[in-house]
Every structure is written in structure tokens, then in C-alpha cells.
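# Coordinate analysis (summary)
Chain by chain, the residues:
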Amino acid sequence: MDNVLSFSTLRSRLLLLVALALLPAAAAIVDAGFEQRRLATTDAQENAKRLVRLAAKDHAQIIHEGHQLLSTLVQVPQVRDANAGICRDFLSRLVAQDERLANIGVIRPDGEVVCSGVPLTSGLNVTDRSYFQRAVQTGKFAIGDYQIGRITKLPVLVLALPTFSAQGRLQSVVFAALNLGRLNQFAAQAALPLGATLTVLDRNDTILVRNLEPERWVGTPAPESALLRKLNAAKSGETAAVPGFDGVQRLYAFEHLDGHSGNGAHIILGIPTATAYAAADRILVRNLAILMFVSVLMLGISWAGSEVLILKKSRLLMAAAQRLAAGDLAARTGIGRGRDEISRVGATIDAMAASLESRERESTQQLNRIAQLNRVYSMLSGINGAILRIRERDALLKEACRIAVELGRFRLAWVGLLDADGQTLRSLAMAGAAKDYVDEIRISLDPNRPEGQGPTAVALREGRYFVCNDIENDPRMAAWRERARAAGLGASAAFPLRMEGSVIGAFNLYAAEPGYFDDQEIRLLEELAADTSLGLKYIDK
């Protein structure tokens with residue numbers, strides 16, 4: 001590589017200067033990315049604070065409206081008198097009409113619930129509930145703790161207002177259970193970012209509302225976490241970036257919900273940091289991608305400038321010379337024609353290499369052809385010798401197959417003879433590494449069947465030799481292609497064996513490489529088949 005990485009070369013120094021020139025731009029982009037993240041954090045925190053304050057304000061408005069509703073209800077005779085049937089029907093209609101209400105009911109001074117908009121399954125005494133105790137003790141409107149309702153089984157905040165007789169004695173306590181699930185509706189209407197959480201915890205850190213996976217979280221104690229520790233120390237309106245109850249890093253805003261003094265709930269809104277930083281990260285990635293593109297472009301131009309002028313052509317010349325010196329006559333410079341000195345030298349080297357390669361190829365082909373014909377001559381001589389000394393048919397055929405494989409270097413040789421009916425072919429002799437192929441093949445003399453289209457069937461049926469020089473791609477060999485591939489057979493030829501002018505069988509030869517059989521070799525193999533037929537005739541007589 002001409003010591004590309006060494007600073008002693010002109011190319012390496014040029015690339016280093018370009019890289020140094022790009023460093024200030026990279027530093028500016030990264031710094032801008034951090035500034036974008038800081039601004040994104042501020043925006044997300046302000047957005048979270050705004051949303052959590054809106055949620056708290058919406059909740060306070062519901063409490064105010066609940067107070068007004070109770071003030072109206074205590075004036076309604078059906079409610080004041082707490083007539084069980086009439087009161088229950090009246091309150092159940094109110095609950096059905098107002099989604100903010102989880103339940104409305106009336107409680108006797110002894111704490112027994114005598115009327116409920118949500119039907120009671122059994123008697124219920126609520127003297128232990130804070131809203132009842134506060135309403136009775138103060139004689140005024142009271143707000144209870146955030147809790148899971150005993151009647152509704154929902155997270156609620158219960159409001160209570162006592163009623164008094166004309167003599168000033170406590171007559172009943174009317175209550176309204178506000179559905180905290182409305183905060184989930186607020187989360188949906190506010191179009192919170194994907195993965196944002198809205199959570200309400202009571203004073204005991206029990207989760208009352210959770211917009212994500214409520215079935216998993218609602219009613220369970222908040223797990224010990226950095227978020228819970230921060231919540232216990234935070235004031236309304238504060239923010240923090242900590243992992244949430246589910247372990248996801250978010251930017252959180254905290255707010256306290258109105259309740260009885262010292263017993264309010266907490267509302268927490270969290271926006272995933274990944275969402276908050278998404279826009280800033282996209283800008284950073286885009287700017288870095290542009291810088292990378294420009295850097296690569298500038299470095300590429302610098303590299304190509306030194307490459308195209310001198311180094312490429314000189315390197316091609318050197319590579320071609322080294323390959324030629326190593327004996328690779330197919331080596332070329334690849335420079336092409338040109339008027340400059342290097343191009344003319346390259347053209348001269350290419351012409352010289354092409355001439356040497358052509359002579360080498362012709363010489364190799366001639367040597368291979370001579371060697372192949374010598375093998376066939378040796379095979380022909382060997383089989384003729386076997387004909388003179390062997391007087392038994394099967395022994396002669398086996399010897400002919402053996403000679404074809406050992407002297408002729410065929411991968412497989414076998415001889416099949418027809419039975420007396422002239423329709424059934426039996427394999428009588430075979431030799432070679434792929435003898436299993438012969439045991440598995442099926443050959444038919446019917447030209448309309450796939451098994452009747454191969455070299456052996458044609459030779460038997462038409463009385464002439466047949467050659468397939470490409471078993472893998474010849475459609476006539478489809479019936480035997482898979483077996484031939486497994487046996488390593490690339491080409492095949494079949495030569496008819498005759499007796500008294502009739503075809504009695506076929507001599508089948510297979511080579512490993514496609515294109516093996518040429519005209520000169522086929523003529524010698526035809527002579528071999530004729531000599532073998534003559535030997536069979538002598539044996540028969």
C-alpha cells in the first residue's frame with residue numbers, strides 16, 4: 001500500500017491536514033448537540049410542570065364542584081330524609097349521569113350507610129373513615145383521605161357535608177366519592193408523549209391512579225426507588241430527572257393535591273428522557289451525518305487526487321510484473337490504452353503476457369489431448385489383449401470395464417446386455433468409484449418415458465453411439481441427474497454392442513468432468529465397442 005499509513009508520504013500528510021481541518025466543525029456540532037439537550041430538558045421540565053399543575057387545578061375544580069353538589073343535595077328532601085328506596089333511585093341516576101362521581105350516599109349519625117347510588121351488598125359502617133369523622137367533628141364540609149372505596153373498589157376522594165335538624169342535631173352526612181380515574185382521562189386529553197406517566201399516591205405512598213398499566217400498579221405500595229425518595233423531599237412544582245417506579249429514566253414534576261390538612265395526595269407526571277431528547281438527538285445525528293458525509297467526500301477527493309495521477313497506474317504495473325514473475329500468465333495491468341508513458345508500458349506488458357498465455361494454453365491443451373488419447377489407446381490395446389486370452393463372456397466384460405477405469409481413467413464403466421425378449425437390460429459387469437449409481441438407475445427402451453431418453457436407451461434402441469457431455473444441464477438426463485451429481489459424474493457415452501447385426505447391449509462410460517468426449521476420442525471408443533462385440537461373437541461360437 002505504499003506505506004499509506006506512514007506520515008512520510010505525501011498522501012498521508014494531505015489526509016491528516018484535511019482531518020485536522022474538520023475537527024473544529026465536529027466540536028461545534030457536538031457542543032450544539034449538548035446545548036440542544038439542555039434546552040430540551042428545560043422545555044420538558046416546564047411542560048411537565050405545566051401539565052401537572054393543570055391536573056391539580058382540574059382536580060381542585062372537581063372538589064369545588066363536588067362541594068356545590070353536596071350543598072344542593074342536602075336541600076333535596078329525598079336525600080335529607082334518606083328514604084331508602086326513593087333516595088337510592090335518585091342517587092343512582094345522579095351517579096350514572098356524572099362520570100366524575102364514583103358514588104353518592106347518605107350516612108346516619110351512627111356511621112351506617114343508609115342510602116347509596118352504588119348498590120350495597122351488605123351493611124356498611126364508616127365511622128373509621130376520616131371524611132365522616134371530620135364532617136361530624138366540625139359540622140362543616142369535609143374532605144377525606146385519598147383511598148380505595150369500600151363500595152366502588154375504585155380510587156376515590158370522598159367529600160362529606162353534614163345535615164342538621166331544626167333543633168340543630170346531626171341528622172345525616174351526605175357524601176360524594178370523586179372518581180380519581182378522571183385523571184387518566186386528563187392524561188388522554190392532554191395528549192401526553194409516548195411513555196409518559198401520570199401517577200397519584202396517597203399519604204401512605206399507595207398508588208391510587210396510574211395511566212400506564214393500571215392493573216399492575218393501582219392499589220399497590222410505591223416501590224422503594226429514587227423517585228419515591230425524591231417525592232418525599234420535593235415541594236410542589238419541583239422537578240427531577242430520576243428512574244421511575246418501572247426503572248425508566250424520566251423527567252418528573254411533582255404537585256400536591258388538596259386534601260385534609262397534612263393528609264393530601266401527590267400527583268407525579270413523568271416524561272421519558274428519550275422522548276424529551278428525541279428532537280435534539282435527531283438534529284445531532286443529522287448534523288453528524290452531514291459532517292461525516294462531507295469528511296468522507298473531502299478525504300475521498302484527497303485520496304483520489306493522489307491515486308489517479310500516479311500511484312494507481314504504477315501500482316498496477318508492479319502487481320502485473322510480480323504475477324508474471326511468479327508464473328501467472330493471465331496477469332494484466334488493466335491500465336488500458338493511453339498516450340502517457342505509463343499507459344504505453346502497460347500496453348506492451350499486456351501484449352507480451354497475452355502472447356505468452358496463448359502459447360502456454362495451446363501447449364497445455366495439446367499435452368492434455370495427447371495424454372487423453374494415449375489413455376484411450378492403452379485401453380483399446382488392453383481390451384484387445386483381453387479378447388485374445390479370455391474365452392468366457394462375463395469375465396471378458398468385467399475385464400473390459402476394469403481396463404476402461406484403470407487405463408482409460410474413466411470414473412465409471414459398465415456393460416448391460418438385453419435379455420432374450422430384447423426389452424430388459426441387465427448389468428453384467430461394472431467397475432469404478434460410482435458402482436452404486438448403476439445399481440440404482442432404471443433404463444427403459446420406451447422413448448416416451450424419461451428413463452428411455454438417456455445415452456444407454458438411445459444406443460440400444462437406435463443402434464448408434466450417444467453422448468451426453470453435460471449431465472447436469474441436459475434435460476434428457478433429468479431422470480438420473482440427482483444420482484449422477486451424488487456419484488460425481490459429469491459426462492457419459494453409450495456405445496452399442498452387436499452380434500449378427502443385432503444390438504445385444506451397450507458399453508457405458510462416464511467421466512467426472514463435463515465436455516470430456518470429443519470426436520477423435522469417440523471414434524476410438526466406437527472401435528473399442530466394435531472389438532468388444534467381435535470378442536463376444538467369438539466366445540458365443
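Treat the numbers as computed from the prediction; the structure is a model and nothing was measured.

Parameters and conventions
Residues numbered from 1 in each chain as written. Predicted model: local features only at pLDDT ≥ 70, side-chain atom pairs only at ≥ 80, totals over all residues. Heavy atoms only, no water. Phe/Tyr/Trp six-rings, centres within 6.5 Å; stacked < 30°, edge-to-face > 60°. Helix = DSSP H or I, 4+ residues; strand = E, 2+ residues; numbered from the N terminus. Buried < 20%, exposed > 50% of the residue type's maximum accessible area, 1.4 Å probe, protein only. Salt bridge = Lys/Arg side-chain N within 4 Å of Asp/Glu carboxyl O. pLDDT = per-residue confidence, 0-100. Disulfide = S-S within 2.5 Å. Pairing = 2+ DSSP bridges. Axes fitted to C-alpha atoms, helices over the stretch in contact; angles between N-to-C directions. Contact = heavy atoms within 4.5 Å. Parallel < 35°, antiparallel > 145°, perpendicular 65-115°, else oblique. Left-handed = near helix turned anticlockwise from the far one by under 90°. Arc of directions from axis to C-beta.

### A few points about the packing of aromatic side chains
- Taken as a whole and judged by the stated rule, the model has six aromatic pairs.
- An angle of 40° between the planes, with centres 6.2 Å apart, marks the rings of Tyr131 and Phe175 as tilted. In this pair, Tyr131 is assigned in helix 4 (residues 130-138) and Phe175 in strand 5 (residues 170-179), connecting sequence segments 44 residues apart.
- Owing to a relative accessible area of 4%, Phe175 belongs among the buried residues under this scheme.
- With a centroid separation of 5.3 Å and 80° between ring planes, the pair formed by Tyr516 and Phe517 is classed as edge-to-face.

### Brief notes about the pattern of salt bridges
- Counting across every chain of the model gives 17 salt bridges.
- Across the pair Asp246 and Arg250 runs a salt bridge, and its minimum N-O distance is 2.9 Å.
- Members of the salt-bridge network, linked through shared partners, are Arg389, Glu399, Arg402 and Glu406.

### Quick look at unusual backbone geometry
- Positioned with a positive phi, Lys153 is a non-glycine residue whose angle comes to about 60°.
- Note on placement: Lys153 falls in the loop between strand 3 (142-148) and strand 4 (155-164).
- Of note, the phi angle at Arg409 is positive, near 60°, even though the residue is not glycine.
- Here Arg409 is to be found in the loop between helix 11 (393-406) and strand 11 (412-418).
- Accessibility expressed as a relative area gives 58% for Arg409, which makes it exposed.

### Focus: the confidence of the model for the protein chain
- Looking at the protein chain, pLDDT values average 81 and 92% of them are 70 or higher.
- Put simply, helix 5 (residues 182-189) is where the protein chain has its lowest mean pLDDT, 65, and strand 13 (residues 466-468) is where it has its highest, 93.

### Here's the deal with the state of the cysteines
- One pass over the full model with this rule turns up one disulfide.
- Disulfide pairing places Cys87 opposite Cys115 at an S-S distance of 2.1 Å. Because the sign of the S-S torsion sets the handedness, a value of about -105° for the bond joining Cys87 and Cys115 places this disulfide among the left-handed ones. Highlighted residues: Cys87 in helix 3 (residues 84-97) and Cys115 in strand 2 (residues 113-116), separated in sequence by 28 residues. Judged on exposure class, the residue Cys87 and its partner Cys115 are both buried.
- Considering cysteine sulfurs only, Cys468 is the nearest to Cys401, which forms no disulfide, with 20 Å between them.
- Residue Cys468 is classed as buried on the basis of its relative accessible area, which comes to 1%.

### A word on the sheet that holds strand 3
- Strand order in this open sheet of five strands is 2-1-5-4-3, and the pairing throughout is antiparallel. Strands with a single pairing partner mark the edges of an open sheet, and in this sheet they are strand 2 and strand 3. Each strand axis lies, on average, 25° off the axis of its neighbour in the sheet, ignoring direction.
- Lying over the sheet, helix 4 contacts strand 1 (101-107), strand 3, strand 4 and strand 5, oriented at roughly 170° with respect to strand 3.

### Some details on the sheet that holds strand 7 (residues 207-210)
- One open sheet accounts for five strands, arranged 7-6-10-9-8; its pairing is antiparallel. On the outer flanks of this sheet lie strand 7 and strand 8 (239-243), each paired with one strand and no other. Mean inter-strand twist for the sheet, computed between neighbouring axes without regard to direction, equals 25°.
- Pairing of strand 6 (residues 197-201) with strand 7 involves three bridges; the strand directions are antiparallel. For Leu201, the partnering residue across the bridge sits in strand 7 and is Ile207.
- The strands touched by helix 7 (residues 226-233) within the sheet are strand 6, strand 8, strand 9 (249-256) and strand 10 (266-272), with strand 8 carrying the most contacts at an inclination of about 160°.

### Comments concerning the environment of Pro455
- Along the polypeptide, Pro455 turns up in helix 13 (residues 455-462).
- A relative accessible area of 6% places Pro455 in the buried class.
- Residues Pro455 and Tyr465, 10 residues apart in the sequence, show an inter-C-alpha distance of 7.6 Å.
- With residues up to four places along the chain from it excluded, the contact list for Pro455 reads Phe466, Cys468, Met477, Ser492 and Ala494.

### Some words on the pairing of strand 1
- Burial of strand 1 is extensive: seven of the seven residues sit out of reach of the surface.
- Note that strand 1 and strand 2 share three bridges and pair antiparallel. Bridge assignment links Val106 to a residue of strand 2, and that residue is Cys115.
- Hairpin connection between strand 1 and strand 2: a loop of five residues separates the two successive antiparallel strands, and Gly111 in this loop has a positive phi of roughly 95°.

### Observations regarding the side chain of Glu521
- Relative to the assigned elements, Glu521 resides in helix 15 (residues 519-540).
- A residue is classified by how much of its surface remains accessible, and Glu521, at 0% relative accessible area, is buried.
- Ignoring any residue separated from it by four or fewer positions in sequence, one finds Glu521 in contact with Arg369, Gln372, Leu373, Val376, Phe410 and Tyr516.

### Re the packing of helix 11 against helix 15
- The geometry of helix 11 relative to helix 15 is characterised by a closest axis approach of 10 Å and an angle of 160° between their N-to-C directions. Regarding the angle of helix 11 to helix 15, the classification is roughly antiparallel. Viewed along their axes, helix 11 and helix 15 form a crossing whose handedness is right-handed. On helix 15, the residues touching Arg393, Leu396 and Leu397 of helix 11 are Thr532, Gly535, Leu536 and Ile539.

### Focus: helix 7
- Listed as buried for helix 7 are Leu227, Leu228 and Leu231. Taken end-on, helix 7 shows its buried residues confined to a sector of 95°, consistent with a single buried face.

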